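One-letter residues, chain by chain:
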Amino acid sequence: MLTLRPALHLDRLGSVIAVLIGVALFASPFVTYRANRIVSGEGRLLVDALPPAGAVAVIAVVLGVALCAVLAQRPLVRLAAACLGLVTIFPAVGFSAGFVTPAGNTFARVSPAIGFWLLALALALLAADALTRLRLGPWGRLAALSLAAGALALLLLSGAWGDLSLMKEYANRAESFWREARQHLWLAFGSMLAACLAGLPLGMISHRVPALRSSILQGLGVVQTIPSIALFGILIAPLGYLAANVPLAAALGIRGIGAAPAFIALFLYSLLPVVANTMAGLAQVPADVTEAARGMGLSRRQRLVQIELPLAFPVILAGIRIVLVQNIGLATVAALIGGGGFGTFVFQGIGQTATDLVLLGALPTVALSFAAAIILDAIIDLTRRGAHDRD
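What counts and how
- Residues numbered from 1 in each chain as written.
- Predicted model: local features only at pLDDT ≥ 70, side-chain atom pairs only at ≥ 80, totals over all residues.
- Heavy atoms only, no water.
- Helix = DSSP H or I, 4+ residues; strand = E, 2+ residues; numbered from the N terminus.
- Buried < 20%, exposed > 50% of the residue type's maximum accessible area, 1.4 Å probe, protein only.
- Contact = heavy atoms within 4.5 Å.
- Areas by Shrake-Rupley, 256 points an atom, 1.4 Å probe, with all protein chains shown as cover.
- Lys, Arg positive; Asp, Glu negative; His and termini not counted.
- Charge placed at Lys NZ, Arg CZ, Asp CG, Glu CD.
- Expected span 1.5 Å × (residues − 1).
- Arc of directions from axis to C-beta.
- Axes fitted to C-alpha atoms, helices over the stretch in contact; angles between N-to-C directions.
- Parallel < 35°, antiparallel > 145°, perpendicular 65-115°, else oblique.
- Left-handed = near helix turned anticlockwise from the far one by under 90°.
- Nonpolar A, V, L, I, M, F, W, Y, C, P; charged D, E, K, R; others polar.

Participant: It is not clear to me how the overall build of the protein chain should be interpreted in this structure. Could you clarify?
Facilitator: Within the protein chain one finds 16 helices and 3 strands. Judged by the C-alpha coordinates and their principal axes, the protein chain covers about 80 × 75 × 30 Å. With 391 residues in all, the protein chain has 42% of them scored as buried. Looking at the protein chain alone, contacts between residues at least 24 apart form 77% of all its contacts between residues at least 6 apart. Here the protein chain displays about 20,000 Å² of accessible surface, and carbon together with sulfur accounts for 70% of that area. Distance between charge centres in the protein chain, computed from 26 positive and 16 negative side chains, equals 3 Å.

Written out as structure tokens, the structure is:
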């Protein structure tokens, strides 16, 4: 009697990942070699960017990962394969810089090329898909983020990337990098904190006084429609006048250009999400809960502090998450008016046609936004659980 074997089930996302890996390995340059930091580069395939044995080992590992992506269904297997691929290609691109650079040449620059970034994207997609299938809780997601951050820190501290142009740009600007990092964080987090201090009371007032609600939301909505560069420009004239005519303003560092207009613009952009989510959070508090609190003799202030705000807190946090991720990105544009931050390197790199200098500003910004989103998502989940427990 004949028995039919079950057909192999090919994972659709895994098939796309396998195609990306194939293109990255055999049709795209793994690194770009340049005689100096600003001239046009020459792409090198992975087989030419590493010693033969190293290239064969990397290709074998990554092809094995592609096979797992297509055939494996267990999330842990897919996650392990993705992690193996990532810990293979990230040191490999650093070692390739030393291999393709002529001995004693201090002017040459080697940068990750499209092949490396495609591999990183494919493996990151595989890892993200596996983590989604595992359905990690908030603590699990925070642990995964901590492990990823630790692995990245270990890679950078090990010196494996020391010969890459990106790290050479960092070495030449280490002091200014950390100065601009502090400025970027101050702009993003400071404007978010200021928006919370102003937006939370404004949202509470709008919730309590429906007559003000429409006017406040429409006014803040108008601010959101103004492009960031335009808003920076609009603020230059009044702040310049204030600095010229009010000695205290000048003493506080308020000027027509610089950090002040950038901070105020980010603050204004942050108000709408905070106010709207505060109103939405308070509106979704069940009426029977507030009635029960009133029946227990709690005053309006006590009901707000002890009942309504704790129940509305997850929704309010969701607005704060939007604000923080938005501000981390928008703070990059502040460099155009002398506000500092990672955008300083981005626009310097664009002006000098230095891609690695652009990446020196862009990659930390992306990493900060990604980490902030994961951390705040986890906190939101934890607060929702706490709110449900109180219910």
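Participant: I tried to follow helix H9 (residues 210-225) on my own but got confused; where do I start?
Facilitator: Since the α-helix advances by 3.6 residues per turn, residues separated by three or four positions end up pointing in the same direction. Compared with an ideal rise of 1.5 Å per residue, which puts 16 residues at 22 Å, H9 spans 24 Å between its outermost C-alpha atoms and is within 8% of the ideal. Every buried residue of H9 is listed here: Ile216, Leu220 and Val223. Down the axis of H9, the sector holding all buried residues measures 40°, keeping them to one side. Among the exposed residues of H9, those pointing more than 90 degrees away from its buried face are Pro210, Ala211, Ser215, Gln218, Val222 and Thr225.

Participant: Looking at this structure, how should I read the packing of helix H3 (residues 52-71) against helix H4 (residues 75-100)?
Facilitator: Two numbers describe a pair of packed helices, the interaxial angle and the distance between the axes. Contact pair H3 / H4: the axes reach a minimum separation of 9 Å and the direction vectors enclose 155°. Judged on the interaxial angle alone, H4 and H3 are roughly antiparallel. Viewed along their axes, H3 and H4 form a crossing whose handedness is left-handed. Contact with H3, carried on its side by Val58, Val61, Val62, Val65, Cys68 and Ala69, involves Arg78, Ala81, Ala82, Leu84, Gly85, Thr88, Ile89 and Ala92 of H4 and no other residues of that element. In terms of residue class, the contact of H3 with H4 is made up of 11 nonpolar, 2 polar and 1 charged.

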